[in-house]
Amino acid sequence: MDIQNRTAIVTGASRGIGLAISKALIEEGVTIAGWSRTPPDSFTHKRFHHIKADLTIENSVNEAFQETIKNLGNSIPILINNAGMGYRGPMEEMPSDKWRQLFDLNVHGIFYTSKRVIPQMKKENQGHIINIGSGAGTNGIAGMSAYCGTKYAVVGITESLHKELRDFGVKVSC
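What counts as what
Residues numbered from 1 in each chain as written. Predicted model: local features only at pLDDT ≥ 70, side-chain atom pairs only at ≥ 80, totals over all residues. Heavy atoms only, no water. Helix = DSSP H or I, 4+ residues; strand = E, 2+ residues; numbered from the N terminus. Phe/Tyr/Trp six-rings, centres within 6.5 Å; stacked < 30°, edge-to-face > 60°. Buried < 20%, exposed > 50% of the residue type's maximum accessible area, 1.4 Å probe, protein only. Disulfide = S-S within 2.5 Å. Contact = heavy atoms within 4.5 Å. Axes fitted to C-alpha atoms, helices over the stretch in contact; angles between N-to-C directions. Left-handed = near helix turned anticlockwise from the far one by under 90°. Nonpolar A, V, L, I, M, F, W, Y, C, P; charged D, E, K, R; others polar. Pairing = 2+ DSSP bridges.

Participant: Help me out: how do you make sense of the environment of R15 in this one?
Facilitator: Secondary-structure assignment places R15 in the loop between strand 1 (7-11) and helix 1 (16-27). Through-space distance from the C-alpha of R15 to that of S36 is 9.2 Å; in sequence the pair is 21 residues apart.

Participant: Whenever I open this one, the packing of aromatic side chains confuses me. Can you help?
Facilitator: Each aromatic ring pair is summarised here by two numbers: the centre-to-centre distance and the angle between the ring planes. Applying the stated criterion across every chain, the model contains three aromatic pairs. For the ring pair F43 and F48, a centre distance of 5.4 Å and an interplane angle of 75° mean the geometry is edge-to-face. Judged on exposure class, the residue F43 and its partner F48 are both buried. An angle of 55° between the planes, with centres 5.7 Å apart, marks the rings of F111 and Y112 as tilted.

Participant: How should the state of the cysteines be read in this particular structure?
Facilitator: What makes a disulfide is a covalent bond joining the sulfur atoms belonging to two cysteines. Evaluated as defined, the whole model comprises zero disulfides. Of all cysteine sulfurs, the one in C174 lies closest to C148, which takes part in no disulfide; the gap is 13 Å. On the accessibility criterion, C148 (5% relative accessible area) is buried.

Participant: Any chance you could explain the side chain of T11 here in plain terms?
Facilitator: You can see T11 is positioned in strand 1. For T11, a relative accessible area of 1% translates into the label buried. Residues in contact with T11, not counting those within four places in the same chain, are G18, W35, L55, I80, N81, N82, A83 and T113.

Participant: When you look at unusual backbone geometry in this model, what are you seeing that I'm missing?
Facilitator: As a rule of thumb, non-glycine residues mostly have phi less than zero, and peptide bonds are mostly trans rather than cis. With phi around 65°, N5 is a residue other than glycine that occupies positive phi space. Examined against the element boundaries, N5 turns out to sit in the segment before strand 1. In this model, N125 sits at a positive phi of 55°, which is unusual for a non-glycine residue. Among the secondary structure elements, N125 is positioned in the loop between helix 3 (96-124) and strand 5 (127-131). Look at N125 and you get partly exposed, because its relative accessible area is 46%.

Participant: Looking at this model, I keep getting lost on the packing of helix 2 (residues 58-72) against helix 3. Mind explaining?
Facilitator: Packed helix pairs are characterised by how far apart their axes lie and by the angle those axes make with each other. Two elements in contact, helix 2 and helix 3, have axes separated by 9 Å at closest approach and are oriented at 35°. The handedness of the crossing between helix 2 and helix 3 is right-handed. Residues E58, V61, N62 and F65 of helix 2 pack against Y112, T113, K115, R116 and V117 of helix 3. Within the contact of helix 2 with helix 3, the residues separate by chemical class into four nonpolar, two polar and three charged.

Participant: What am I meant to see in the sheet that holds strand 4 (residues 78-81) here?
Facilitator: Hydrogen bonds between backbone atoms are what pair the strands of a sheet, whose relative direction is either parallel or antiparallel. Read across the sheet, six strands follow the order 3-2-1-4-5-6 without closing on themselves; strand pairing throughout is parallel. With one partner strand each, in any of the chains shown, strand 3 (48-52) and strand 6 (170-173) form the two edges of the open sheet. Across the sheet, the mean angle separating the axes of adjacent strands is 15° when strand polarity is ignored. Alignment of strand 4 against strand 5, held across four bridges, turns out to be parallel. Following the sheet pairing, L79 is matched in strand 5 by I129. Along the sheet, helix 1 makes contact with strand 1, strand 2 (31-36), strand 3 and strand 4, crossing strand 1 at roughly 165°. Relative to the sheet, helix 4 (residues 145-165) contacts strand 5 and strand 6, its axis offset from that of strand 6 by approximately 165°.

What follows is the structure in structure tokens.
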């Protein structure tokens, strides 16, 4: 798929890997809908559109999606599920709200975003969903059970979605 003059949603686009991905895609001629809770501190570009989204809340994701298609059109052939967080500590000491927060962002966020772009990708018979994973998704790490659990889920979701969507011209990779 030629990506020039296409639109991509990049989650977690305000800093780190998400911002770096956004900048690299802009260099390739892609328009970015950068979804995050806060905008980047010192980055602006005519092809970067920050859209406020809390990926742990499905209604917030839906509102961000509606704003994206309103401002950038309904053809979004690229989704990069990058937003994520980690927590280090023994399971018995992990606060339950931290456990839920990790799964809400790292796993449910992928579900909420992907389900919104898939119908149009299937209709257009093209698209690419890229889920940012981790070595923690294939190897457990002591003191990081929740993070590893979420990243194992990302790998499983990716593999299943690949099989669901490959006959529709949609690629899914991790």
